[in-house]
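In case you want the letters, here they are:
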Amino acid sequence: MKTKSRKQSKEEHINPKDWLKVGNLYEACLNNAKDLANEAEILYQNKCYARAVALAILAFEEIGKSQIVADFLNGMVSKKEFDDAFKKHEIKSAYNWRKFVLDTNTIEYNPSEGKKYHKWRIDAIYVDYSKEYQAQEPKKIFTKDDARKNIDFVNKEIEDIITMEYLTERIGSKSFMK
């Protein structure tokens, strides 16, 4: 199973001498997602709810990046998708919502789906204004409940990935297909 971009690509799979490095990169991304989730929890405990939401969303993006890296190692995504995972926020979030289309043997995801997470993260960090020039402060937009839900969601995603890796002895999308 591959993404459309990988299927259309003429590129060779990565050189075996780079497998360990890419595997280490995957682990670094997933570990960073765990760190971001833990730090979101610290902000939550200190009643910094908007910033906790922002870090939880960053953790969600980092989870997506880890999955793209794993799938690159498995030959399932293209080099361009791999590169984009380190540059474009939308692709990272969107990849977490990927679908496995069995009749075409394709992994599908919609990068525009990731835009809403990017906007939420921006809204959780920066003051904006309404059409009437009213300040829209992150701390007045995001609640304790918003923070808790986002942190719990991210921690569940991480737990599910770790569980599936353990059960299948695979990483990335392949861990959900065995």
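On a predicted model such as this, the values are computed, not experimentally measured, just so you know. (Residues numbered from 1 in each chain as written. Predicted model: local features only at pLDDT ≥ 70, side-chain atom pairs only at ≥ 80, totals over all residues. Heavy atoms only, no water.)

Student: What's the story with the overall build of the protein in this structure? I'm lost.
Tutor: If you tally the helices and strands in the protein, you get 8 helices and 5 strands. Helices and strands in the protein line up, N terminus first, as β-α-α-α-α-α-β-β-α-β-β-α-α. Its C-alpha radius of gyration of 17 Å places the protein within 12% of the 16 Å reference for a compact globule of 178 residues. Taking the principal axes of its C-alpha atoms as reference, the protein extends roughly 55 × 35 × 30 Å. Within the protein, buried positions represent 41% of all 178 residues. Pairs at least 24 apart in sequence give 69% of the contacts found in the protein among residues at least 6 apart. (Helix = DSSP H or I, 4+ residues; strand = E, 2+ residues; numbered from the N terminus. Rg over C-alpha atoms; globule rule 2.2 N^0.38 Å. Buried < 20%, exposed > 50% of the residue type's maximum accessible area, 1.4 Å probe, protein only. Contact = heavy atoms within 4.5 Å.)

Student: I'm lost on the packing of helix α3 (residues 49-73) against helix α6 (residues 115-123) in this one. Help?
Tutor: It is at 8 Å that the axes of α3 and α6 come closest, and there the two elements cross at 150 degrees. Comparing their axes, α6 and α3 come out roughly antiparallel. Of the two possible hands of crossing, α3 and α6 adopt the one that is left-handed. Here A54, I57, L58, F60 and E61 of α3 lie close against α6, whose contacting residues are Y117, H118, W120 and R121. Split by residue class, the contact of α3 with α6 holds 6 nonpolar, 1 polar and 2 charged. (Axes fitted to C-alpha atoms, helices over the stretch in contact; angles between N-to-C directions. Parallel < 35°, antiparallel > 145°, perpendicular 65-115°, else oblique. Left-handed = near helix turned anticlockwise from the far one by under 90°. Nonpolar A, V, L, I, M, F, W, Y, C, P; charged D, E, K, R; others polar.)

Student: Mind showing me how you'd approach unusual backbone geometry here?
Tutor: When glycine is set aside, most residues are seen to have a negative phi, and most peptide bonds are trans. The phi torsion at K47 lies on the positive side, around 60 degrees, for a residue other than glycine. Of note, K47 is situated in the loop between α2 (19-45) and α3. We classify K47 as exposed; its relative accessible area is 62%. Phi at Y133 takes a positive value of approximately 65 degrees, unusual for a residue other than glycine. For Y133, a relative accessible area of 67% translates into the label exposed.

Student: Quick question: what am I supposed to make of the packing of aromatic side chains here?
Tutor: To describe a pair of aromatic rings, one takes the distance between the centres and the angle between the planes. Here the structure, examined in full by the defined rule, presents 11 aromatic pairs. Each ring, one from F60 and one from W97, has its centre 6.0 Å from the other, and the planes form 50 degrees; the classification is tilted. Residue F60 is found in helix α3, and its partner W97 is found in the loop between α5 (89-95) and β2 (99-101); the two are separated by 37 residues along the sequence. The rings of F60, W97, Y117, W120 and F153 are connected pair by pair, giving a single aromatic cluster. (Phe/Tyr/Trp six-rings, centres within 6.5 Å; stacked < 30°, edge-to-face > 60°.)

Student: Help me out: how do you make sense of the layout of surface pockets in this one?
Tutor: If a probe as big as a water molecule is rolled over the atoms, it shows which places are left empty. In this model, the largest pocket occupies a volume close to 150 Å³. Contributing to the lining of the largest pocket are I63, Q67, N96, R98, F100, E157, D160, I161 and F176. Listed by contribution, the elements that provide at least two residues to the lining of the largest pocket are α3 and α8 (144-168). For the lining of the largest pocket, the leading source of residues is α8, giving 3 residues. (1 Å grid on protein atoms, 1.4 Å probe; cavity = no way out; pocket = protein on both sides within 12 Å on 5 of 7 lines; lining within 4 Å. Points joined across faces, edges and corners; volume = space filled by probe spheres on them.)

Student: Sorry, what's going on with the pattern of salt bridges here?
Tutor: Where side chains of opposite charge bring their charged atoms close, a pairing between them can arise. Under the counting rule described, the total for this entry stands at 16 salt bridges. The shortest N-O distance in the salt bridge between D18 and K21 comes to 3.5 Å. Judged by relative accessible area, which is 22%, D18 ranks as partly exposed. Across the pair E137 and K140 runs a salt bridge whose closest N-O atoms are separated by 3.0 Å. The class for E137 is partly exposed, based on a relative accessible area of 24%. Looking at K140, the relative accessible area reads 64%, which means it is exposed. Put simply, K17, D18 and K21 are held in one network by salt bridges that share partners. (Salt bridge = Lys/Arg side-chain N within 4 Å of Asp/Glu carboxyl O.)

Note that every value here comes from positions in space, so none of it alone points to a role or purpose.
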